[in-house]
Amino acid sequence: MSFLQDPSFFTMGMWSIGAGALGAAALALLLANTDVFLSKPRKAELEYLEDIDLKTLEKEPKTFKAKDLWAKNGAVIMAVRRPGCFLCRAEAADLSSLKAKLDALGVPLYAVVKEQVKEEVKDFQPYFKGEIFLDEKKKFYGPERRKMMFMGLIRLGVWYNSFRAWNGGFSGNLEGEGFILGGVFVIGSGKQGVLLEHREKEFGDKVNPLSVLEAVKKIKPQTPASGNS
């Protein structure tokens with residue numbers, strides 16, 4: 001047992017433990033930056049989206065079915081993860097940059113939020129050039145809600161997205177629920193269906209505006225039925 005009295009034995013043991021811990025941390029960091037642990041989104045069928053109840057944000061809110069938003073001319077709809085988030089504000093501004101082109105094509109731009117906290121929706125409105133509605137049951141964030149918790153803090157993509165938003169001059173706060181991931185939909189008129197479904201895979205994972213425009217150009221506006229003479 002003389003080796004127990006050798007200081008180099010303990011030094012080597014501590015080094016081995018430290019190296020093992022460092023290796024485990026490196027592996028965890030590597031895996032956290034792949035899609036291995038990300039929950040896979042389940043695509044939303046048109047029938048599911050049509051039946052969602054939405055509310056207006058007036059003092060006396062009105063409830064209506066989501067299908068009313070796209071029935072005639074289709075729609076672009078952003079499911080906002082958290083209105084106070086500077087990353088969500090950056091994405092809203094990106095989508096809003098398409099507003100003139102969407103107007104020219106006759107396609108409206110909308111957003112849904114999952115809650116009303118203080119003045120968060122009002123403070124979000126300057127970044128978003130469309131009407132905003134409340135989705136209390138969080139249906140637009142399903143059919144299976146996906147969350148990103150603290151793993152988002154060690155994903156390089158999130159840090160890159162954050163730097164890009166900060167560099168763009170966006171700021172925010174920590175008010176409200178922000179773990180349930182959002183997305184963007186382009187939905188055709190009537191029964192045309194979902195033409196684009198972008199689901200956030202991490203914080204700040206923005207939709208490509210060009211993809212939105214390509215999908216919008218596929219929308220076929222509903223023509224009113226001709227009456228009998």
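Right, let's walk through the structure included here.

Thresholds applied
Residues numbered from 1 in each chain as written. Predicted model: local features only at pLDDT ≥ 70, side-chain atom pairs only at ≥ 80, totals over all residues. Heavy atoms only, no water. Helix = DSSP H or I, 4+ residues; strand = E, 2+ residues; numbered from the N terminus. Buried < 20%, exposed > 50% of the residue type's maximum accessible area, 1.4 Å probe, protein only. Phe/Tyr/Trp six-rings, centres within 6.5 Å; stacked < 30°, edge-to-face > 60°. Salt bridge = Lys/Arg side-chain N within 4 Å of Asp/Glu carboxyl O. Arc of directions from axis to C-beta. Contact = heavy atoms within 4.5 Å. Polar contact = N/O pair within 3.5 Å; in protein donor to acceptor, adjacent residues only side chain to side chain. Axes fitted to C-alpha atoms, helices over the stretch in contact; angles between N-to-C directions. Parallel < 35°, antiparallel > 145°, perpendicular 65-115°, else oblique. Left-handed = near helix turned anticlockwise from the far one by under 90°. Nonpolar A, V, L, I, M, F, W, Y, C, P; charged D, E, K, R; others polar. Patch = residues over 30% accessible without salt bridge, like charges linked within 9 Å, V, L, I, M, F, W, Y side chains within 5 Å. Areas by Shrake-Rupley, 256 points an atom, 1.4 Å probe, with all protein chains shown as cover. Lys, Arg positive; Asp, Glu negative; His and termini not counted. Charge placed at Lys NZ, Arg CZ, Asp CG, Glu CD. Pairing = 2+ DSSP bridges.

### Quick notes on unusual backbone geometry
Of all residues except glycine, most have a negative phi; of all peptide bonds, most are trans.
Here is step 1 of the chain: Residue Gly142 is joined to Pro143 through a cis peptide bond whose omega torsion reads 10°.
Here is step 2 of the chain: Within the secondary structure, Pro143 is located in the loop between β5 (131-134) and α6 (156-167).
Here is step 3 of the chain: A positive phi angle, close to 50°, is found at Lys118, a residue other than glycine.
Here is step 4 of the chain: Examined against the element boundaries, Lys118 turns out to sit in the loop between β4 (109-113) and α5 (120-124).
Here is step 5 of the chain: Positioned with a positive phi, Lys138 is a non-glycine residue whose angle comes to about 60°.
Here is step 6 of the chain: Within the secondary structure layout, Lys138 lies in the loop between β5 and α6.
Here is step 7 of the chain: Look at Lys138 and you get partly exposed, because its relative accessible area is 22%.

### Quick notes on the packing of aromatic side chains
Here is step 1 of the chain: Tallied over the entire structure, the rule returns six aromatic pairs.
Here is step 2 of the chain: Relative to Phe133, the ring of Phe64 has its centre 5.2 Å away and its plane inclined at 80°; by these criteria the two rings are edge-to-face. Remark: Phe133 occurs in strand β5 and Phe64 occurs in strand β2 (residues 63-65); sequence separation between them is 69 residues.
Here is step 3 of the chain: Residue classification places Phe133 among the buried positions, given a relative accessible area of 5%.
Here is step 4 of the chain: Considering the side-chain rings of Tyr110 and Phe133, the 5.7 Å spacing of their centres and the 55° angle between planes classify their relative orientation as tilted. Pair noted here: Tyr110 is in strand β4 and Phe133 is in strand β5, with a separation of 23 residues, a long-range link. Phe133 shares its class with Tyr110; the two are buried.

### A look at the pattern of salt bridges
Here is step 1 of the chain: Using the criterion set out here, one finds 10 salt bridges in the structure.
Here is step 2 of the chain: A salt bridge links Lys191 to Glu50, with the nearest nitrogen and oxygen atoms 3.0 Å apart. One end of the pair, Lys191, is in the loop between β6 (183-187) and β7 (194-199); the other, Glu50, is in helix α2 (residues 46-50), with 141 residues separating them in the sequence.
Here is step 3 of the chain: Classification of Lys191 as exposed rests on a relative accessible area of 62%.

### Concerning helix α7 (residues 209-216)
Here is step 1 of the chain: Residues of α7 that are buried include every one of Val212, Leu213, Ala215 and Val216, and no others. Angular distribution of buried residues about the axis of α7 spans 165°; they occupy a single face of the element. Those residues of α7 that are exposed and angled more than 90 degrees off the buried face are Leu210 and Glu214.
Here is step 2 of the chain: Looking at the buried positions of α7, the neighbouring elements they touch are β3 (75-79), α3 (86-96), α4 (99-105), β6 and β7.
Here is step 3 of the chain: Among the residues of α7, the N-terminal cap falls to Asn208, whose side-chain oxygen and the backbone nitrogen of Leu210 are separated by 2.9 Å.

### A word on the packing of α3 against α6
Here is step 1 of the chain: Running from N to C, α3 and α6 cross one another at 65°; their axes reach a closest spacing of 9 Å. Here α6 runs roughly perpendicular to α3, going by the angle between their axes. The handedness of the crossing between α3 and α6 is left-handed. The segment α3 lies against α6, with Phe86, Leu87 and Ala90 engaging Asn161, Ser162, Ala165 and Trp166.
Here is step 2 of the chain: By residue class, the composition of the contact of α3 with α6 is five nonpolar, two polar and no charged.

### Quick look at a positive patch on the surface
Here is step 1 of the chain: Together, Lys137, Lys139, Arg145 and Lys147 give the surface a local cluster of positive charge.
Here is step 2 of the chain: Following the sequence through the fold, Arg145 ends up in the loop between β5 and α6.

### Here's the deal with the side chain of Arg146
Here is step 1 of the chain: Mapped onto the elements of the fold, Arg146 is located in the loop between β5 and α6.
Here is step 2 of the chain: The charged side chain of Arg146 is buried without a salt bridge, its nearest counter-charge being Glu200 at 6.3 Å.
Here is step 3 of the chain: Of the polar contacts made by the side chain of Arg146, one reaches the backbone oxygen of Glu200; its length is 2.7 Å.

### Side note on the pairing of β6
Here is step 1 of the chain: Of all the five residues making up β6, five are buried; the element is thus mostly covered by neighbouring parts of the structure.
Here is step 2 of the chain: Judged by which residues are buried, β6 turns out to be covered on both faces: Gly183, Phe185 and Ile187 on one side and Val184 and Val186 on the other are all buried.
Here is step 3 of the chain: In this sheet, β6 lies alongside β3 in antiparallel orientation, the contact comprising five bridges. Within β6, the position partnered with Ala75 by the bridge is Ile187.
Here is step 4 of the chain: Here β6 runs beside β7; their pairing, made up of five bridges, is antiparallel. From the neighbouring strand, Phe185 faces β7, where its bridge partner is Glu197.
Here is step 5 of the chain: From the end of β6 to the start of β7, which pair antiparallel, there are six residues, and Gly190 there has a positive phi angle of about 55°.

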